[in-house]
Amino acid sequence: MSNPNSPRVRFAPSPTGFLHVGGARTALFNWLYARSQGGAFVLRIEDTDQERSTEESYAAILRGMQWLGMDWDEGPHRGGDFGPYLQSERLDIYRKHLETLAEGGHAYKCFCSADDLEARQEEIEADEGTWAGYDGQCRHLTTEEIAAQEAAGTPFAWRLRTPDEGSTFWYDIVLDKLEFQNELMVDRVIFKADGFPTYQFAVVVDDHDMGITHVLRGDDHVSNTPFQLMIYNAMEWKAPKFGHMPMILGPDKKRLSKRHGATSVEEFQTQGILPAAMTNYLALLGWSPGGNADEVMTRDAIIKKFSLKKINSSPAAFDYDKLAHINSEHIKRLSAEERLELAKPIIARDNWALDTDWLIHGVDDTESYLNRVLGILGNRFSNLVTLANHIGFFFTEEHFVDAEAWKEHVTPEAARATLVTLAKAIETGMDLDVAQPASAFEEVIRSTAEEMGVKAGELIHPSRVALTGQSRSAGIFEVMELVGARRTVARLKNAANS
RNA sequence: GUCCCCAUCGUCUAGUGGUUAGGACACCGCCCUUUCACGGCGGCAACACGGGUUCGAUCCCCGUUGGGGAUGCCA
């Protein structure tokens, strides 16, 4: 589908944790760019850290991507012309390119151990100096010295010989011109002593070899970019365009972390957030459709409007309230059929089903029952997880009960008496062997209230809690219709006796 | 410490060298109403500070302050 001129972008997570919102946002912007330009979206796994990479993380990241609907054109389980897409399977490629660098004199062996470096740093700092990073000790080793170290079997890493003068700069898609003085750059390691390339080297090799045209990543990579540019230069490769997006902060403007609440994408899934809503909200963090345009958008609408030029350069704070709002808006805009599909797994999970003995007016199977339940629920359905509390009492006596509401509306003597009176009125005024419509319940309640000389609300509020266990619900007459006359009477009596 | 980035309502943001600085979330009030939610109406609330440039700066430049990032043989 992609032509030679279309962009190729990638998301390159390291499998050292779950897919968190920051990573998901980065992935999303890349994905949106690819989809909006007819380009290719590549998923590459950067698992060059043998210590921290795990299979679980790898699987979790893939799950997160799939849940959010970010399909990749090339990558794990999908293949592609530029594979393999796991860096741990590309070691030969990195070694080959390292050789090129070594031959050109751009890379050199460094025999300094971590302890050596630490000792030198301490020495300098003890003398009030500042350690600015690797000091270039092995830069000028003679062939004899190198031979001696190798003969002694000293482990070594490879470092890039970086330019000492001038500056390295690029025009960032988001941040515009960025420039760094070369003299401040140290010769960082590109190949570790364990035989694996460092991120700095692998990312450059892969982005080049995979034909990546645009690198969109978090701005925590800004200071890595000049070094990577130096690798491109040493390899005599053309560098891709870079775009650094600001990071996502917590509500307190501090770096987003677990203490702020959910940070992994899968946590939001378990909190009942719709993937489309999560995608929508993430897109709004650092990007905007502009002006007074509707913020609530489907994936397709976002793709249509997406533009790199509109990416914000200032960091955004994650707002859980707004996410909840976007989520409810998405649910609100769903058709009855779509809502039904979302709700089905919830009742299936607890084996909730219609019992024909309930004698529900106009309902003959579980699906049509659920459909009616969702119908009277209306816009109170705003989250997949809280939905269970809103509909449980229609299916089971073991439903959620709000203790506070019960204490306030059911426990008082007067309330109990009222419930008994109403239960009797329903028993005598209605045929319990026939399914009854909401209007019939309304009639009984209103006339009973009149006979008692009280407002209908006096009966309605305790009834609501007695039937639903909660002080908030859909219209009580409709609730009674769908709970059925028999169970309604039973619950009113049970509540009065509780 | 050094280097880099950022700065419009509490939050996400739109926006322009001259605007009543717009929208959304949250919050408050009113309406609707059997509760809640929805919906409708209204309200509160911002250009961080100090210098320039300019006839005029929220917008351009510099500085300060604040926040963030980097400074790893992590990615």
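Overview of the structure. One numbering rule holds for all chains: residues counted from 1, following each sequence as written. Lettering of chains starts at A and numbering of ligands starts at 1, both following the order in which they are written. With the structure being a predicted model, the display of local features is reserved for residues of pLDDT at least 70 and the display and counting of side-chain atom pairs for 80 or more, all residues being used for whole-chain, interface and lining totals. Excluded from the side-chain calculations are hydrogens and water; all other atoms, namely the structure's heavy atoms, are used.

Looking now at the packing of aromatic side chains. By convention, a stacked pair of Phe, Tyr or Trp rings (six-membered ring in the case of Trp) has centres within 6.5 Å and planes under 30 degrees apart, an edge-to-face pair has planes over 60 apart, and any other such pair is tilted. One pass over the full model with this rule turns up 16 aromatic pairs. Taking 4.4 Å as the distance between ring centres and 40° as the angle between the ring planes, the aromatic pair formed by F393 and F394 counts as tilted. For the pair shown, F393 and F394 are each scored as buried. Through a chain of ring-to-ring contacts, three or more aromatic side chains come together here, namely F268, Y281, F318 and Y320. Between R25 and the ring centre of F29, over which it is positioned, the NZ or CZ distance is 5.3 Å. A positively charged side chain is recorded as over a ring if its NZ (Lys) or CZ (Arg) lies within 6 Å of the ring centre. The angle to the ring normal must also be within 35 degrees. Between K109 and the ring centre of F156, over which it is positioned, the NZ or CZ distance is 4.8 Å. Throughout, exposure labels follow a simple rule: accessible area from a 1.4 Å probe, protein chains only, divided by the maximum for the residue type, with under 20% read as buried, over 50% as exposed, and the rest as partly exposed.

Right, let's get into the protein's contact with RNA strand B. Neighbouring residues of RNA strand B: 62 residues in total, closest D49, C112, R380, R464 and S473. In this text, near means that some heavy atom of the residue lies within 4 Å of the molecule or strand in question. For RNA strand B, the backbone portion of the atoms within 4 Å of the protein, that is sugar and phosphate, comes to 73%. Contacts to RNA strand B include K254, whose side-chain N or O atom sits 3.4 Å from a phosphate oxygen. H325 is positioned such that a nitrogen or oxygen atom in its side chain is 3.3 Å from a phosphate oxygen of RNA strand B. Helix and strand assignments come from DSSP, with helices taken as H or I runs of at least 4 residues and strands as E runs of at least 2, each series counted from the N terminus. For the surface near RNA strand B, the elements supplying multiple residues, two or more each, are strand 4 (157-160), strand 6 (176-181), helix 6 (199-209), strand 11 (316-317), helix 11 (320-332), helix 18 (456-468) and helix 19 (476-483). Throughout this description, a polar contact denotes any pair of N or O atoms lying within 3.5 Å of each other; where both atoms belong to protein, one of them has to be capable of donating a hydrogen while the other can accept it, and for residues adjacent in sequence the pair is counted only when both atoms sit in side chains.

Bringing the pattern of salt bridges into the picture now. Note on pairing: side chains with opposite charge can pair once their charged atoms come close. Salt bridge, as used here, is a side-chain nitrogen of Lys or Arg placed within 4 Å of a carboxyl oxygen of Asp or Glu. According to the stated counting rule, one finds 30 salt bridges in the structure shown. The residue D207 makes a salt bridge to R10 at a minimum N-O spacing of 2.8 Å. Remark: R10 occurs in strand 1 (residues 8-11) and D207 occurs in helix 6; sequence separation between them is 197 residues. Relative accessible area serves as the criterion here: at 2%, D207 is assigned to the buried category. The salt bridge partner of D294 is R333, with a shortest N-O separation of 3.0 Å. Residue D294 is found in the loop between helix 9 (275-284) and helix 10 (299-305), and its partner R333 is found in the loop between helix 11 and helix 12 (336-349); the two are separated by 39 residues along the sequence. Several salt bridges share partner residues, and in doing so they unite R10, R44, E46, R90, D206 and D207 into one network.

Buried residues dominate helix 9, accounting for eight of its ten residues. Within the sequence span of helix 9, burial applies to A277, M278, T279, N280, Y281, L282, A283 and L284. Pairs of residues are marked as contacts when any of their non-hydrogen atoms sit within 4.5 Å. At its buried positions, helix 9 is contacted by helix 1 (21-37), helix 2 (55-67), helix 8 (265-270), helix 10, strand 11 and helix 11. Remark: G286 follows helix 9 within two positions and exhibits a positive phi of approximately 100°.

It is worth spelling out the sheet that holds strand 3 (residues 107-110) at this point. Whether two strands pair comes down to DSSP finding at least two bridges between them. Ordered in space as 3-4-7, the three strands form an open sheet in which the pairing is antiparallel. Only two strands of the sheet have a single neighbouring strand rather than two, namely strand 3 and strand 7 (189-191). The mean inter-strand angle of the sheet, taken between neighbouring strand axes irrespective of direction, is 45°. Sheet analysis places strand 4 next to strand 7, joined by two bridges and oriented antiparallel. Within strand 7, the residue paired with R159 across the bridge is V189. Every axis corresponds to a line fitted to the C-alpha atoms, with the helix fit spanning only the stretch in contact, and the corresponding angles, defined between N-to-C directions, vary from 0 to 180 degrees.

All right, on to the pairing of strand 3 then. Going residue by residue along strand 3, you find A107 and K109 tucked away on one face and Y108 and C110 tucked away on the opposite face as well. For strand 3 and strand 4, the ladder comprises four bridges, and the chain directions are antiparallel. Within strand 4, the position partnered with K109 by the bridge is W158.

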